[in-house]
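# Tertiary structure, described
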Amino acid sequence: MGGAVISNQDDVYAPMWNPAGLMSIERDWQGAAMHAEYFESIAKYDYLAYAKVMEEGVFGVSVVRLGVDNILNTTQMIDSEGNIDYDKITKFSQSDYAAILSYAFRPGGNPKLDVG
């Protein structure tokens, strides 16, 4: 972006937003784990990441989970005669997972250009 940024992600969280930001990692490696809950703790977001500085660039791997747990399953609550049995209510979860593999480098060693 040519240095024209207002905010920038420049650590192990970069694969989610701008993988080129991995080039700002100066140590041998970085790791991160995050958990957040939304909508009165109904939806849960988890992020686990690792980035390793290589000879020519930085390699990163991330795993993301967005899920809703303990959803009430009421499909078996009413029997064929119309009787309600609350003991037949069960729970289930629904989740989406994503894995992100990232690699960032400086083409030709140009310190003003990060590619990811």
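Calculation rules
Residues numbered from 1 in each chain as written. Predicted model: local features only at pLDDT ≥ 70, side-chain atom pairs only at ≥ 80, totals over all residues. Heavy atoms only, no water. Pairing = 2+ DSSP bridges. Helix = DSSP H or I, 4+ residues; strand = E, 2+ residues; numbered from the N terminus. Core = buried A, V, L, I, M, F, W, Y, C linked by side-chain atoms within 4.5 Å. Buried < 20%, exposed > 50% of the residue type's maximum accessible area, 1.4 Å probe, protein only. Contact = heavy atoms within 4.5 Å. Salt bridge = Lys/Arg side-chain N within 4 Å of Asp/Glu carboxyl O. Axes fitted to C-alpha atoms, helices over the stretch in contact; angles between N-to-C directions. Polar contact = N/O pair within 3.5 Å; in protein donor to acceptor, adjacent residues only side chain to side chain.

Bridging between strand β1 (residues 29–38) and strand β2 (residues 43–53) involves 10 bridges; their strand directions are antiparallel. For Ala32, the partnering residue across the bridge sits in β2 and is Ala49. Taking the residues between adjacent antiparallel strands as the criterion, β1 and β2 are bridged by four residues, where Phe39 takes a positive phi near 55 degrees. When β2 meets strand β3 (residues 57–73), the two strands line up antiparallel, connected through 11 bridges. Among the inter-strand pairings, Lys44 is bridged to a residue of β3, identified as Gly67. Between β2 and β3, which pair antiparallel in sequence order, lie three residues.

Strand residues, when the strand is regular, have side chains that alternate between the two faces of the sheet. In terms of strand pairing, β3 meets strand β4 (residues 90–105) through 15 bridges, oriented antiparallel. Paired with Val63 across the two strands is Ala99, which belongs to β4.

With that out of the way, let us pick up the nonpolar core. For soluble globular proteins, nonpolar side chains are generally found buried alongside one another. With 15 residues, the main nonpolar core has Leu22, Ala51 and Val58 as its most contacted residues. Those elements giving two or more residues to this core turn out to be β1, β2, β3 and β4. In terms of residue count, β2 provides more of this core than any other element does, four residues in total. Excluding anything up to four places from it in sequence, Leu22 contacts Asp11, Val12, Ala14, Pro15, Ala51, Val58, Gly60, Ser102 and Ala104.

The next thing to look at is the pattern of salt bridges. A side chain with one charge can pair with a side chain of the opposite charge if their charged atoms come near. With the rule as written, the count across this model stands at four salt bridges. Note that Asp28 and Lys52 form a salt bridge whose closest N and O atoms lie 2.7 Å from each other. Of the two residues, Asp28 is situated in the loop between α1 (14–17) and β1 and Lys52 in strand β2; the sequence distance between them amounts to 24 residues. Taking the relative accessible area as the measure of exposure, Asp28 reaches 46% and is therefore partly exposed. What makes Lys52 partly exposed here is its relative accessible area of 24%. Between Arg65 and Asp46 there is a salt bridge whose closest N-O contact spans 3.7 Å. Placement of Arg65 in strand β3 and of Asp46 in strand β2 is noted, with a sequence separation of 19 residues between them. A relative accessible area of 13% places Arg65 in the buried class.

Take the sheet that holds β4 next. Across the sheet, four strands lie side by side as β1-β2-β3-β4; this open sheet has antiparallel pairing. Two strands bound the open sheet, and with one partner strand each, they are β1 and β4. Neighbouring strand axes in the sheet, compared pairwise and without regard to direction, differ in orientation by 10 degrees on average.

Among the secondary structure elements, Ser62 is positioned in strand β3. At a separation of 3.1 Å, a polar atom in the side chain of Ser62 contacts the side chain of Tyr47. In contact with Ser62, not counting residues within four places along its chain, are Pro15, Tyr47, Leu48, Ala49, Ala98, Ala99 and Ile100.

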